[in-house]
Amino acid sequence: TWFAVDTSGRTFVLLNGADKKHHHQPPYKRSRGLILLDLLSADELIETWGQINLTSIEPFTLIVFTGDELHQLRWDEKEKSYLQLDTAIPHIWSSATLYEKAAIEKRKIWFNEFLESTTGTIDPDGLLNFHTSTEVKDKENGLIINRNQQLLTKNITQCVIEHDRFTLTHIDLLQNKQLQLTEIIK
């Protein structure tokens, strides 16, 4: 599991790696996606994060939006970190396992240019367009990559949370299909 939304609107996004590229050293005790599911089912997110044992789990970054709070949870094979982020400020992340520092910085520049081009309001269609259309010719480090058919972006998923509902849009880039689901937030 790399992306999950529950009926209360809590949204979880899993990225491979922490703040820098690590050496892949299997076998790992559990999948990072199962850790996401453990946290998704927890009543107390931060308390559970503090208690969960991540020994022999591959490094990851987990972004969690809880409706009024934005959290960044990281495991780097040695220690956990927790950062509460400002929900009023746009953020962008890139997987540390896929992109070198220079590419991550370049992607931040693209994001800031996108933000500057908006008229103060970021709308869901504009953000989805940013993810599907920015630097499409850069197959190595663009937002949609294809590194010799070995490593490629297979899909884009967006979750838009409104007052009483969320809409999940999933674009399957391999089959050129788009699915959309709207659910009431309880």
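Coordinates for the structure precede this section.
Given the structure is predicted, the values throughout are model-derived calculations rather than measurements.

Caption draft 1: Structural view of the sheet that holds strand E3 (residues 60-65). Within the open sheet, the five strands sit side by side as E1-E2-E3-E4-E5. Their pairing is antiparallel. With partners counted over all chains shown, the strands left at the sheet margins are strand E1 (3-5) and strand E5 (80-85), one partner each. Geometrically, the sheet is characterised by an average inter-axis angle of 15° between neighbouring strands, direction not taken into account. As judged from the six bridges shared by E3 and strand E4 (residues 70-75), these two strands associate in the antiparallel manner. Within E4, the residue paired with leucine 62 across the bridge is leucine 73.

Caption draft 2: Molecular detail of the pairing of strand E9 (residues 165-172). Pairing geometry for strand E8 (residues 155-161) and E9, over seven bridges, is antiparallel. Within E9, the residue paired with cysteine 159 across the bridge is leucine 168. Linking two consecutive strands that pair antiparallel, namely E8 and E9, is a turn of three residues. Looking at chain direction, E9 and strand E10 (residues 177-184) are connected through eight bridges and run antiparallel.

Caption draft 3: Up close: helix H3 (residues 101-117). With 17 residues, H3 should cover 24 Å at 1.5 Å per step; its first-to-last C-alpha distance of 25 Å lies within 8% of that length. Taken residue by residue, H3 has Ala103, Ile104, Arg107, Trp110, Phe111, Phe114 and Leu115 as its buried positions. Down the axis of H3, the sector holding all buried residues measures 140°, keeping them to one side. Those residues of H3 that are exposed and aimed more than 90 degrees away from the buried face are Lys101, Ala102 and Glu116. Contact partners of the buried residues in H3: helix H4 (124-133).

Caption draft 4: Structural view of the side chain of threonine 153. In this structure, threonine 153 sits in the loop between strand E7 (151-152) and E8. A distance of 2.9 Å separates the side chain of threonine 153 from the backbone nitrogen of isoleucine 145, its partner in a polar contact. Dropping the residues within four chain positions of it, threonine 153 is found in contact with Leu143, Ile144, Ile145 and Leu173.

Caption draft 5: Fine view of the packing of H3 against H4. Where H3 contacts H4, the two axes come as close as 11 Å, and the packing angle between them is 150°. Judged by the inter-axis angle, H3 sits roughly antiparallel to H4. For the pair H3 and H4, the crossing hand works out as right-handed. Of the residues in H4, those touching H3 at Trp110, Phe111 and Phe114 are Gly126, Leu127 and Phe130. Considered class by class, the residues forming the contact of H3 with H4 number five nonpolar, one polar and no charged.

Caption draft 6: Just unusual backbone geometry, in detail. Backbone torsion omega between proline 26 and proline 27 reads 5°, so that peptide bond is classified as cis. Within the secondary structure layout, proline 27 lies in the loop between strand E2 (11-16) and helix H1 (32-40). In this structure, glutamate 135 is a non-glycine residue whose phi angle is positive, near 50°. Position of glutamate 135 relative to the elements: it lies in the loop between H4 and strand E6 (146-147). Exposure remark for glutamate 135: the relative accessible area of 38% places this residue in the partly exposed category. Although it is not a glycine, asparagine 148 adopts a positive phi angle of roughly 55°. Looking at the element boundaries, asparagine 148 is found in the loop between E6 and E7. On the basis of relative accessibility, which here comes to 66%, the residue asparagine 148 falls in the exposed class.

About the cut-offs
Residues numbered from 1 in each chain as written. Predicted model: local features only at pLDDT ≥ 70, side-chain atom pairs only at ≥ 80, totals over all residues. Heavy atoms only, no water. Pairing = 2+ DSSP bridges. Helix = DSSP H or I, 4+ residues; strand = E, 2+ residues; numbered from the N terminus. Axes fitted to C-alpha atoms, helices over the stretch in contact; angles between N-to-C directions. Expected span 1.5 Å × (residues − 1). Buried < 20%, exposed > 50% of the residue type's maximum accessible area, 1.4 Å probe, protein only. Arc of directions from axis to C-beta. Contact = heavy atoms within 4.5 Å. Polar contact = N/O pair within 3.5 Å; in protein donor to acceptor, adjacent residues only side chain to side chain. Parallel < 35°, antiparallel > 145°, perpendicular 65-115°, else oblique. Left-handed = near helix turned anticlockwise from the far one by under 90°. Nonpolar A, V, L, I, M, F, W, Y, C, P; charged D, E, K, R; others polar.

All we've got here are geometric facts, nothing functional implied.
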